[in-house]
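Structural description and commentary
Spelled out, the chains give:
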Amino acid sequence: MSAKEKSMSFIDHLEELRWRLIKSILSILLGGVVTFFFIDEILHLLLQPLENIDSVNKANLQVLSVQGMFVIKWTIALLGGIIFSVPVITYQTWSFISPGLYANEKGFVVPLVIFSFMSFAGGILFSYFILIPYCLNFFASLSGDIVLNNFSINHYFSFITWMLLGSGILFQLPVVSFLLSTIGLLTPPFMRHYRRHSIVAIFILSSFITPPDPVSMLVMALPLIVLYEISIGISWFVNQGKEKRDS
């Protein structure tokens, strides 16, 4: 650690945090603008899950407000900005905490950024190809043969974006484990001790995200339990490296 890093005051840290946040927000806005240039293609992709609904329960979308499509397009663009800025946000977070780390720990930044983006993308793909089609079929089937499924397009895209973004964030669990273990706030014994509590919390969280049936809850919960076990392994790896340096 350099003398400059040691002499940083609390105000200096706040100022650095402010600039890290500004850079992260700017990356989201820039990503949103870039996404907007391809908004029609993205909207087409987000409408594809409707094609997987059983023909008996087919759903139609309706724009129920004058500014409906305008709001939807900019909301999707903002979501795209968040997705594309994940590497920048991860880098800014790591850069903020890295001054207090050892020199060899600081070199983790590139693998961390790549792993963070891959985890986020994995969550989105899991939601798009598995979770969303199942949820749409479940909700559409509740209408039966009498009630028509005419969804508000605003509500549809709100549902889709919530599922995509929520899954992407939840799949960041190993990344969070790595960051907290690096700064000494998380250890494998702690995670093993609270494994049962965490599994219960995962099932509760999954029940809020998915439709109210046990199958969809399991579909969401099982990958998160696997990610929790992976997070324990990542925490063990980080803490083993610290023990070797201290010995």
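Scroll up a little and you will see the structure.
So, here's what we can say about the structure. (Residues numbered from 1 in each chain as written. Predicted model: local features only at pLDDT ≥ 70, side-chain atom pairs only at ≥ 80, totals over all residues. Heavy atoms only, no water.)

1. A word on the overall build of the protein chain
Inclusion rule: Strands are runs of DSSP state E lasting at least 2 residues, helices are runs of H or I lasting at least 4, and numbering of each runs from the N terminus. Every residue pair with non-hydrogen atoms within 4.5 Å of one another is taken to be in contact.
The helix and strand tally for the protein chain stands at twelve helices and two strands. The linear arrangement of helices and strands in the protein chain, starting from the amino end, is α-α-α-β-α-α-α-α-β-α-α-α-α-α. Principal axes of the C-alpha set define a box for the protein chain whose edges measure 70 × 40 × 25 Å. Restricting the contact set of the protein chain to residue pairs at least 6 apart, pairs at least 24 apart contribute 83%.

2. Looking at the nonpolar core
To be explicit about the condition: Among the buried residues, those of types Ala, Val, Leu, Ile, Met, Phe, Trp, Tyr and Cys that are joined through side-chain atoms within 4.5 Å form a nonpolar core. Relative accessible area decides the class of each residue, using a 1.4 Å probe on protein chains only: under 20% of the type maximum gives buried, over 50% gives exposed, and in between gives partly exposed.
One finds Ile-76, Phe-157, Leu-164 and Leu-224 to be the most contacted residues of the largest nonpolar core, which totals 37 residues. Broken down by secondary-structure element, the contributors of at least two residues to this core are helix H3 (39-47), helix H4 (68-84), helix H7 (109-141), helix H8 (153-170), helix H11 (195-209) and helix H12 (214-246). Sort the elements by how many residues they give to this core and H7 lands first, with nine residues. Once residues lying within four places of it in the same chain are set aside, the contact partners of Phe-157 are Leu-43, Leu-46, Leu-47, Ile-72 and Ile-76. Formed by nine residues, the second largest nonpolar core is a distinct cluster that contains Val-109, Val-113, Val-175 and Val-238.

3. Re the side chain of Ser-206
Note that Ser-206 resides in helix H11. Ser-206 gets classed as buried once you look at its relative accessible area, which sits at 0%. Setting aside its immediate chain neighbours within four residues, Ser-206 contacts Met-217, Met-220, Ala-221 and Leu-224.

4. Quick word on the packing of aromatic side chains
Here is the rule: Within 6.5 Å between ring centres, the rings of Phe, Tyr and Trp (the latter by its six-membered ring) count as paired, and their orientation is classed by plane angle as stacked under 30 degrees, edge-to-face over 60, tilted in between.
Inspection of the entire model under this criterion finds eight aromatic pairs. On the basis of an interplanar angle of 35 degrees and a centroid distance of 5.6 Å, the ring pair of Phe-126 and Phe-171 is categorised as tilted. Of this pair, Phe-126 sits in helix H7 while Phe-171 sits in the loop between H8 and helix H9 (173-182), and the two are 45 residues apart along the sequence. Of the residues examined, Phe-171 reaches a relative accessible area of 12% and is grouped as buried. Look at Phe-138 and Phe-139: their rings are 5.4 Å apart centre to centre, the planes differ by 75 degrees, and that puts the pair in the edge-to-face class. Every member of this aromatic cluster is reached through a ring pair, and the members are Phe-138, Phe-139 and Phe-159.

5. Let's talk about the pattern of salt bridges
Selection criterion: Salt bridge, as used here: a side-chain nitrogen of Lys or Arg that lies within 4 Å of a carboxyl oxygen of Asp or Glu.
Here the structure, examined in full by the defined rule, presents four salt bridges. We note a salt bridge from Asp-40 to Lys-73, for which the minimum N-O separation is 3.5 Å. Note that Asp-40 is positioned in helix H3 and Lys-73 in helix H4, a separation of 33 residues in sequence. A residue is classified by how much of its surface remains accessible, and Lys-73, at 24% relative accessible area, is partly exposed.

6. Comments concerning H9
A large share of H9 lies buried, amounting to seven of its ten residues. When H9 is considered as a whole, its buried residues turn out to be Pro-174, Val-175, Ser-177, Phe-178, Leu-179, Ser-181 and Thr-182. Of the residues flanking the end of H9, it is Gly-184, one or two places downstream, whose phi is positive at about 85 degrees.

7. Brief notes about the environment of Leu-125
Counting through the fold element by element, Leu-125 comes out in helix H7. Residues Leu-125 and Leu-164, 39 residues apart in the sequence, show an inter-C-alpha distance of 8.1 Å.

8. Notes on a nonpolar patch on the surface
To be explicit about the condition: Patches draw on residues past 30% relative accessible area with no salt bridge. Two like charges within 9 Å are joined, as are two nonpolar side chains (Val, Leu, Ile, Met, Phe, Trp, Tyr) within 5 Å. Reported accessibility uses the Shrake-Rupley method at a 1.4 Å probe radius. Residues are deemed covered only where the shown protein chains occlude them.
Side chains of Phe-10, Ile-11, Leu-14, Leu-17, Leu-21, Ile-25, Leu-26 and Leu-29 sit close together on the surface and give an oily, nonpolar patch of about 800 Å² of accessible area. The residue Phe-10 is located in helix H2 (residues 10-36) in this model. Given the relative accessible area of 61%, Phe-10 is considered exposed.

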